[in-house]
Structure formats: structure tokens, C-alpha cells
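Summary of the model geometry
Spelled out from the first residue to the last, the chains are:
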Amino acid sequence: MTQSCPSSTPSTVTFSSLGLIPELVQRLTELKYSIPTPIQVQAIPAVLSNSSILGQAKTGSGKTAAFALPLLQMSMKGRRKSKDNNVSSLILVPTRELAQQVASSIQNYGRNLLPRLKIEAVYGGQSVNTQMLALRGGVDILVATPGRLLDLVSSNAIKLDQVKSLVLDEADRMLSLGFHDELAKIKSLLPEQKQILLFSATFPEEVKLLADHLLHKPIMINVEKQE
Ligand code: ADP
Ligand code: MG
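In what follows, the accompanying structure is described. From a predicted model like this one, the values you see are computed outputs, not experimental measurements. Sequence order as written defines residue numbering, which begins from 1 separately in each chain. Each chain gets a letter, beginning with A, and each ligand a number, beginning with 1, in the order they are written. With the structure being a predicted model, the display of local features is reserved for residues of pLDDT at least 70 and the display and counting of side-chain atom pairs for 80 or more, all residues being used for whole-chain, interface and lining totals.

1. What to know about the site of ligand 1
Inclusion rule: Each residue gets a C-beta atom placed from its backbone. Should that atom fall within 6 Å of a molecule or strand, the residue is termed near it. Numbering of helices and strands runs from the N terminus, with a helix taken as a DSSP run of H or I at least four residues long and a strand as a DSSP run of E at least two residues long. Charged residues are taken to be Asp, Glu, Lys and Arg, nonpolar residues to be Ala, Val, Leu, Ile, Met, Phe, Trp, Tyr, Cys and Pro, and polar residues to be all remaining types, Gly included.
Residues in contact with ligand 1, as listed here, are Tyr33, Pro36, Thr37, Gln40, Ala57, Thr59, Gly60, Ser61, Gly62, Lys63, Thr64 and Ala65. Ranked by residue count, the leading element in the shell around ligand 1 is helix H3 (residues 63–75), at 3 residues. When grouped by side-chain class, the residues that make up the shell around ligand 1 number 4 nonpolar, 7 polar and 1 charged.

2. Quick look at the environment of Gln42
To keep things clear, this is the line we draw: Working definition of burial: number of other C-beta atoms within 10 Å of the residue's own, with buried at 20 or more, exposed at 12 or fewer, and partly exposed in between, all C-beta atoms being placed from the backbone.
Topologically, Gln42 is positioned in helix H2 (residues 38–48). On the basis of neighbour counts, which here come to 21 C-beta atoms within 10 Å, the residue Gln42 falls in the buried class. In sequence terms Gln42 and Asn222 are 180 residues apart; their C-alpha atoms lie 9.4 Å from each other.

3. Re unusual backbone geometry
For residues that are not glycine, phi is negative in most cases, and the peptide bond is trans in most cases. Pro115 follows Leu114 through a cis peptide bond whose omega is 5 degrees. When you line up the elements, Pro115 lands in the loop between helix H4 (96–109) and strand E3 (119–122). The backbone of Lys32 sits at a positive phi, close to 60 degrees, despite the residue not being glycine. In this fold, Lys32 is placed in the loop between helix H1 (22–30) and H2. Its 6 C-beta neighbours within 10 Å are what place Lys32 among the exposed residues.

4. Quick notes on H1
What counts here: In this description, one arc is meant: the one made by directions from the helix axis to the C-beta atoms.
Along H1, the positions that sit buried rather than exposed are Leu24, Arg27 and Leu28. Angularly, the buried residues of H1 cover 100 degrees about the axis, an arc narrow enough to put them on a single face. In H1, the exposed positions angled more than 90 degrees off the buried face are occupied by Pro22, Thr29 and Glu30. Downstream of H1 by one or two residues, Lys32 has phi in the positive range, about 60 degrees.

5. A word on the packing of helix H6 (residues 146–154) against helix H8 (residues 180–189)
To keep it simple, the criterion reads: Every axis in this analysis is a line fitted to C-alpha atoms, fitted for helices over the stretch in contact. Angles between the N-to-C directions lie between 0 and 180 degrees. Any angle between 65 and 115 degrees counts as roughly perpendicular, while under 35 counts as roughly parallel, over 145 as roughly antiparallel, and the rest as oblique. Here a crossing is taken to be left-handed if its near helix is turned anticlockwise relative to the far helix by less than a right angle, and right-handed if that turn runs clockwise. Residues are defined as contacting one another if the C-beta atoms placed from their backbone atoms lie within 7 Å.
Between H6 and H8, the shortest axis-to-axis distance is 10 Å and the interhelical angle comes to 45 degrees. Considered as vectors, H6 and H8 are oriented oblique to each other. The crossing of H6 and H8 is left-handed. Contacts between H6 and H8 involve Pro146, Gly147, Leu149, Leu150 and Val153 from the former and Glu182, Leu183, Lys185, Ile186 and Leu189 from the latter. The residue inventory of the contact of H6 with H8, partitioned by class, reads 7 nonpolar, 1 polar and 2 charged.

6. Some details on the environment of Thr202
Relative to the helices and strands, Thr202 is located in the loop between strand E6 (195–200) and helix H9 (205–214). Residues Thr202 and Glu192 lie 10 residues apart in sequence; the distance between their C-alpha atoms is 27 Å.

7. Considering the environment of Glu182
Along the chain, the position of Glu182 falls in helix H8. Residues Glu182 and Arg148, spaced 34 residues apart in sequence, show a C-alpha to C-alpha distance of 9.9 Å. In this view, Glu182 contacts Pro146, Gly147 and Leu150; residues no more than four positions away in its chain are not counted.

Printed below as a string of C-alpha cells:
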């Protein structure tokens, strides 16, 4: 027996071999994403298997697709009950611009699955009433900035007790912008059992503490450190 395992060399990894369904693979071909990036290779199967992950990868490494593709796929399994104002996958981001950008990327990746899925973004600076209407009947994937999310929770526009997956995107920026207390409050509204995906380009002490607090034996993914 040799030790080599040709089928797992990076050059042979395709989006399909990571376990993604044909509708998503087809969309990635349309977008000319020919091969998955290193973080996508590691994160996609882990997320699909419902593991929690702690991912360090620099900006531009393809993190959005790394969590969005498997979450889109999992949302297709009807994780959301349509009656209530529930969320299945909650993605927290530090800024309004990022919320818009991440939501539009997810809609783009999931184009072949729409309109079976509802993907929305909520953030400060836009009318609360418009966002409240958009949340009616629940959302499969919600991208949110922490402050506006809490406003919408307190006005009962959305409920977080059915969240199955939580993503913290750019956790380092979220903490440096002062969202520590909001994150703690949001955590207290989530169910005990959930998948958590925490991504950060850097790991200063406060991010390490947050990760220790949120994650229990996560799968560690360290692709490339930020310069
Ligand atoms: P990050 O969140 O890590 O900064 P993004 O998810 O914003 O990175 O992706 C950075 C850029 O790389 C985007 O323009 C995206 O369209 C592109 N991209 C992501 N994954 C792939 C891929 N597998 N093949 C080609 N381009 C990709
Ligand atoms: Mg990003």
C-alpha cells in the first residue's frame, strides 16, 4: 500500500466533489468559478456536515462562498417553518456595506434555487418599516448588522430562537467597531444547539476570547494569515 491518495490532491477537488448539489455547481460554472479556493475546500464539507468552524483567512480568499454555498444547500431541506418570523441561517457582519455585499453574493450564488428561498439583509440607515415588511413570514438566510438586528428583534419583527446556523463574518472588525455587547445579547437569544461559523482575518486576544466563549471544539481552518 502506498501512502499517497491521488483523489484528494488539491488539483482534483471540484465543487461537485465537495458535496454541493447540481443547481449550485451549475451556477458556479456560470460565474466562471472553475475551482474552489483553499478555504472553500475545507469549509464547504465541514459546514454541510453541520460542524462548527473557526476560520482564519485573509481578505479576498473566498469566504463568502465558503459559508454561503453550504448554507444555501442546507436551506433547501426546508429548515424553516414558514408560519413565524423565524430565521434559519443568521449571518452577522460589521457594516451596512458588507451586509449589502454579502446578501447580494448569496443571492447570486443561489440564483438557481430562487424563488424557493428567502434571503434578506437588514442594516442601519434604511427604513425599519421596509425591513420589517421584508421579514414577514420568516427568512431562510438573513444577513444583518448587530444593532439593527436587535432593533428588529425588540419590535418582534424577527425571532432568533429557531436559528440553526450562525455566521460571524469579519469577527475582528465586528469587535473593533465595538459590537461586543450586541454579540453577547444576540447569543443569548439563540437556541443552545446551533452550528457556529466564525471567520476572522486576524486573531487578537478579544477575538480569541469570543471564539472560546462561542465555540466548543470547532474545526479549525487556517488558510493564510493576514499580512
Ligand atoms: P473574502 O470574504 O474572503 O474577502 P470574497 O468572498 O469577498 O472574499 O471573495 C473575493 C473575490 O473572489 C470575489 O470577487 C469572488 O467573486 C471571488 N471568488 C470567490 N471564490 C472564487 C472561486 N472559487 N473562483 C473564482 N473566484 C472566486
Ligand atoms: Mg468577506
